[in-house]
Amino acid sequence: MKRSIRHLAGRAAACTLLLGLAAMEVASSTALAQDQPGRRRRTTQEVKPLELTPEQVARLTKVANDRKLNLDDLLAATKTYMPSGRHDEYVLFSSGGQSGQVFAIGVPSMRLLRSIAVFTPESWQGYGFAGENDPIHKQLEINGKPVLWGDTHHPALSETGGEYDGQFLFIGDKANARVAVIDLRDWETKQIVKNPLTVSDHGAAFVTPNTDYVIEGGQYATVLGYGYAPPEEYKKSYRGMVTLWKFDRAKGRFDVNNSFAMELPPYWQDLADAGKGPSDGFFFINSFNAEMASGGVEKGNPPFEAGVSKRDMDYLHIVDWKKAEAAFKAGKAKKINGFPVLMLETSVAEGLLYFAPEPKSPHGVDVSPNGQFMVVAGKLDPHVTVYSIDRIKKAIANKTYSGHDDYGVPILDFDAVKEAQVELGLGPLHTQFDNKGYAYTSLFLDSAVARWTLGGEYAGKNPDQPWKLVTKTSVQYNIGHLCAAEGDTVSPDGNYLISMSKWSVDRFLPTGPLLPQNFQLLDIVEPGTTMPVLYDSPIGVGEPHYCQMIKADKLKTWTVYPEVGWNPHEQRLDPRSPTKGSEGVTREGSRVLVNMTAIRSHFTPEHVEIMEGDTVTWRIVAMETTQDATHGFCIGGYNINLSLEPGEFTEFTFTADRAGTYPFYCTEFCSALHLEMMGYLHVKPRQGAQASPEGGVQAASAEK
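Cut-offs applied
- Residues numbered from 1 in each chain as written.
- Predicted model: local features only at pLDDT ≥ 70, side-chain atom pairs only at ≥ 80, totals over all residues.
- Heavy atoms only, no water.
- Helix = DSSP H or I, 4+ residues; strand = E, 2+ residues; numbered from the N terminus.
- Buried < 20%, exposed > 50% of the residue type's maximum accessible area, 1.4 Å probe, protein only.
- Contact = heavy atoms within 4.5 Å.
- Areas by Shrake-Rupley, 256 points an atom, 1.4 Å probe, with all protein chains shown as cover.
- Lys, Arg positive; Asp, Glu negative; His and termini not counted.
- Charge placed at Lys NZ, Arg CZ, Asp CG, Glu CD.
- Pairing = 2+ DSSP bridges.
- Core = buried A, V, L, I, M, F, W, Y, C linked by side-chain atoms within 4.5 Å.
- Domains from an automatic or database assignment.
- Buried area = accessible area lost by both parts, 1.4 Å probe.
- Phe/Tyr/Trp six-rings, centres within 6.5 Å; stacked < 30°, edge-to-face > 60°.
- Lys NZ or Arg CZ within 6 Å of the ring centre and 35° of its normal.
- Axes fitted to C-alpha atoms, helices over the stretch in contact; angles between N-to-C directions.
- 1 Å grid on protein atoms, 1.4 Å probe; cavity = no way out; pocket = protein on both sides within 12 Å on 5 of 7 lines; lining within 4 Å.
- Points joined across faces, edges and corners; volume = space filled by probe spheres on them.
- Nonpolar A, V, L, I, M, F, W, Y, C, P; charged D, E, K, R; others polar.
- Salt bridge = Lys/Arg side-chain N within 4 Å of Asp/Glu carboxyl O.

**Structural notes on the overall build of the chain**
Step number 1: A count of helical and extended segments in the chain gives eleven helices and 49 strands.
Step number 2: With the C-alpha coordinates aligned to their principal axes, the bounding extent of the chain is approximately 105 × 80 × 45 Å.
Step number 3: Relative to its 704 residues, the chain shows a buried fraction of 54%.
Step number 4: Summarising the internal contacts of the chain: among those between residues at least 6 apart in sequence, 62% fall at separations of at least 24.
Step number 5: Only carbon and sulfur atoms are counted for the fraction: they give 54% of the accessible area of the chain, which is about 31200 Å².
Step number 6: Distance from the positive charge centre (69 side chains) to the negative charge centre (84 side chains) of the chain: 3 Å.

Structure below.
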């Protein structure tokens, strides 16, 4: 008897010790969070001017020689190294290509900070694994079927007055013609809209200067509204499109009812950019395949790559979106597949759309920070062509046309709207800008970044002559897009530029036949011909296409949710959230409600008993208020997996269609007692059946 008492006492002491350990960990992490300002001051304290002693110089020299580093290598290392606890100056938001996601990367360290789940379910974030009524899964459906992947191309940060404001991020899915909204308070996807007019797109997303609209351009012409026509009817039945998604900033959502599209000719629309300053109210879209080639090598026709490249000129689309908005509000749109579209004849009659000739096979069109110039790069022309908004407006007013296209759209005279042409090299694609009057263009075939000078009011901002190539920096290899710090705004910073190099070949350790892409960081602080590559960063989780770089202090990121019980889908405190003392299981017929709380290091309740066939609604809230105190929750047998950040409330629903005993546990290592943070879901067999050893259900025997 005494031994039994001592045994129980020992067990009680052990439990007390474990609970005390957990309490101490909670308290210490809370104190750590409260002490973070002090800690940060210590890690970012003012650094005294560095004076190296001869001994220190000798040590650095030895390290450099041992590692076969030269002076440029050492300088590059010092410009990109970020000491532990010190934060990057910029955040780069990059498309994730076939991953369907967005990548957030610190600059200049080039450290991957976060992959943001958008079009692809992602288990770490619990994205897309919240049961049968998962709101994300509903938004990922197309024509009633789940499409759980995407091809993200062009992220766009929300703007106020042409400046990044750090509030929202938009990203398009080329493969499936979708656009998503990401709230940068918690870096989570809030809304996905599917374009009902087309199967795929490319020029998404780009914003107007105050984020009134998010522009989704098209790409390959189709029969709008998911219609059908044979390729022989290409010119007659196929069309391009551009969609203007109205954005409600207060709600953080697209206002679909006040969004509209414009029908375009069946040229293949490409990238877009919105005007600013004197060009505000317009946006500009490149196009290729003005030939309206429809391919068909199987029938002996020229292949697409030859057919769409015959002409020397394609068409820059010039859209007066404020006039288009007025026409839409005046009821001049026609519904296609339930979505309002301003038809071509309306655009011509109302003066909404004009064309300007542009060098063949263009890819990028980019508006200068002052809004005066539109820079177009033609992949098959060694020049960039610069258009002037003043010349464009004058040509429109004076009807200085060189003709009309087959659909009646006026074509502005090329010489009347052209400001300059600058020869840069082979395969120009995309242009960015800095604060010193320079422009930067990616040269795909040259595998280089070209620095050249702008004219107009930019002349005199640097020592170089306007409209001239200044220098090229070789990159590795085949650069696609590029991105400068705040480079799409009215006031770019300069400082850094990212080359999004498509090939890496010999840059990194081989990873099999499938190699990563290479993000290369260039230093563009100095004027003139100095523009070195500082860092190579492998991107091995997709094929990124485009990115934007924002100053980190513009982001007002939450570190914990504002209140315990916060619903991230609605960005508000949810009255359905369980509270301490309200946990438990309630039943109404075959419908079961589970209220659960999670805090280090336990769930309440720990045992949940239901019946096979029940429909279960499970509500769970993380009671934590300490930064980085994240929990997870999974039920492996039912494909449930959640991430519960501090204060987060979520709800999921599933049908208990398989009897058995299912452990659930915390998936995020949260404490010393993390492995003990678990429980059991008991699904009792329905009457007349029993659980089989294999986990199924079999009929009870006659004897029973």
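**Comments concerning the pairing of strand β22 (residues 373-378)**
Step number 1: In terms of burial, β22 is largely enclosed, as six of its six residues are buried.
Step number 2: Where burial is concerned, the two faces of β22 agree: the one with Phe 373, Val 375 and Ala 377 and the one with Met 374, Val 376 and Gly 378 are both buried.
Step number 3: Pairing between strand β21 (residues 362-367) and β22: five bridges, direction antiparallel. Paired with Val 365 across the two strands is Val 376, which belongs to β22.
Step number 4: Count of turn residues in the β21/β22 antiparallel hairpin: five residues, of which Gly 371 carries a positive phi of about 75 degrees.
Step number 5: Sheet topology places β22 next to strand β23 (residues 383-388); five bridges connect them, and they run antiparallel.

**Some points on the nonpolar core**
Step number 1: Core analysis: the largest hydrophobic core is formed by 40 residues, its most contacted members being Phe 260, Met 262 and Phe 283.
Step number 2: Residues contacting Phe 283, with those up to four places away along its chain left out, are Ile 215, Val 242, Leu 244, Asp 273, Ala 274, Gly 275, His 317, Ile 318, Val 319 and Trp 321.
Step number 3: If you look at the next biggest cluster of nonpolar residues, it comprises 29 residues, including Phe 654, Ala 656, Ala 659 and Phe 664.

**Looking at the domain arrangement of the chain**
Step number 1: Each assigned domain of the chain is listed here: domain 1 (91-129 + 137-194 + 541-557), domain 2 (196-360) and domain 3 (566-689).
Step number 2: Placing a centre on the C-alpha atoms of domain 1 and another on those of domain 3 gives a separation of 28 Å.
Step number 3: Taken together, the contacts link ten residues of domain 1 with ten residues of domain 3.
Step number 4: Summed over both sides, the interface of domain 1 with domain 3 buries roughly 770 Å², with 35% coming from carbon and sulfur.

**Re the packing of aromatic side chains**
Step number 1: Per the stated rule, a full pass over the model turns up 36 aromatic pairs.
Step number 2: Summarising the aromatic geometry, the rings of Phe 206 and Tyr 546 are spaced 6.2 Å apart at their centres and angled 40 degrees between planes, so their arrangement reads as tilted. Of this pair, Phe 206 sits in strand β10 (residues 204-207) while Tyr 546 sits in the loop between β34 (533-539) and β35 (547-551), placing them 340 residues apart in sequence.
Step number 3: Here Tyr 546 falls in the buried class, since its relative accessible area comes to 2%.
Step number 4: One aromatic cluster is present, built from ring pairs that chain together Phe 603, Trp 618, Phe 633, Tyr 638, Phe 652, Phe 654, Tyr 662 and Phe 664.
Step number 5: Here the guanidinium or amino end of Lys 379 rests over the ring plane of Phe 288, the centre of that ring lying 4.9 Å away.
Step number 6: Above the ring of Tyr 438, the side-chain terminus of Arg 451 is found at 4.5 Å from the ring centroid.

**Quick notes on the environment of Glu 350**
Step number 1: Here Glu 350 shows up in helix α9 (residues 344-350).
Step number 2: Owing to a relative accessible area of 32%, Glu 350 belongs among the partly exposed residues under this scheme.
Step number 3: Between the C-alpha atoms of Glu 350 and Val 621, which are 271 residues apart in sequence, the distance is 54 Å.
Step number 4: Look past the residues within four positions of Glu 350 in its chain and what remains in contact with it is Lys 323 and Lys 332.

**Observations regarding the sheet that holds strand β26 (residues 418-423)**
Step number 1: Read from one edge of the open sheet, four strands run β21-β22-β23-β26, paired in antiparallel fashion. Of all the strands in the sheet, just β21 and β26 have a single pairing partner and so form its edges. In this sheet, neighbouring strand axes are inclined to one another by 20 degrees on average, regardless of whether the strands run parallel or antiparallel.
Step number 2: Packed on one face of the sheet, helix α10 (residues 389-398) meets β22, β23 and β26 and runs near 60 degrees to β23.

**Focus on unusual backbone geometry**
Step number 1: With an omega of 20 degrees, the peptide bond between Val 107 and Pro 108 qualifies as cis.
Step number 2: Tracing the backbone through its elements, the reader meets Pro 108 in the loop between β2 (102-107) and β3 (112-116).
Step number 3: Across the junction of Thr 604 and Pro 605, the peptide omega takes the value 5 degrees, indicating a cis bond.
Step number 4: Checked against the element boundaries, Pro 605 lands in the loop between β40 (602-604) and β41 (607-611).
Step number 5: Phi at Asp 628 is positive, roughly 75 degrees, even though this residue is not glycine.
Step number 6: By secondary structure assignment, the location of Asp 628 is in the loop between β42 (615-622) and β43 (631-635).
Step number 7: Taking relative accessible area as the criterion, Asp 628 reaches 69% and is therefore assigned exposed.

**Remarks on empty space enclosed by the protein**
Step number 1: Evaluated as defined, the whole model comprises three cavities of 30 Å³ or more.
Step number 2: In terms of lining, the largest cavity is formed by 14 residues, of which the most central are Glu 159, Val 207, Asp 273, Asp 488 and Gln 548.
Step number 3: Listed by contribution, the elements that provide at least two residues to the lining of the largest cavity are β6 (156-160), β10 and β15 (268-274).
Step number 4: A per-element tally of the lining of the largest cavity places β6 first, with three residues.
Step number 5: When grouped by side-chain class, the residues that make up the lining of the largest cavity number seven nonpolar, three polar and four charged.
Step number 6: Each of domain 1 (91-129 + 137-194 + 541-557) and domain 2 (196-360) gives at least three residues to the lining of the largest cavity.
Step number 7: The volume enclosed by the second largest cavity comes to roughly 60 Å³.
Step number 8: Taken together, His 154, Phe 206, Leu 271, Ala 272, Asp 273, Gly 364, Val 365, Asp 366, His 430, His 481, Asp 488 and Tyr 546 form the lining of the second largest cavity.
Step number 9: Of all the elements in the fold, those that place two or more residues in the lining of the second largest cavity are β15 and β21.

**What about the pattern of salt bridges?**
Step number 1: Under the criterion given, the structure shown has 30 salt bridges.
Step number 2: Residue Lys 554 is joined to Glu 486 by a salt bridge in which the shortest nitrogen-to-oxygen separation is 2.8 Å. Remark: Glu 486 occurs in the loop between β31 (479-485) and β32 (494-501) and Lys 554 occurs in the loop between β35 and β36 (566-567); sequence separation between them is 68 residues.
Step number 3: On the basis of relative accessible area, Lys 554 is assigned to the partly exposed category, the value being 22%.
Step number 4: Across the pair Glu 543 and Lys 502 runs a salt bridge, and its minimum N-O distance is 3.4 Å. Of this pair, Glu 543 sits in the loop between β34 and β35 while Lys 502 sits in the loop between β32 and β33 (517-523), placing them 41 residues apart in sequence.
Step number 5: The partly exposed category is assigned to Glu 543, whose relative accessible area is 25%.
Step number 6: For Lys 502, a relative accessible area of 19% corresponds to the buried category.

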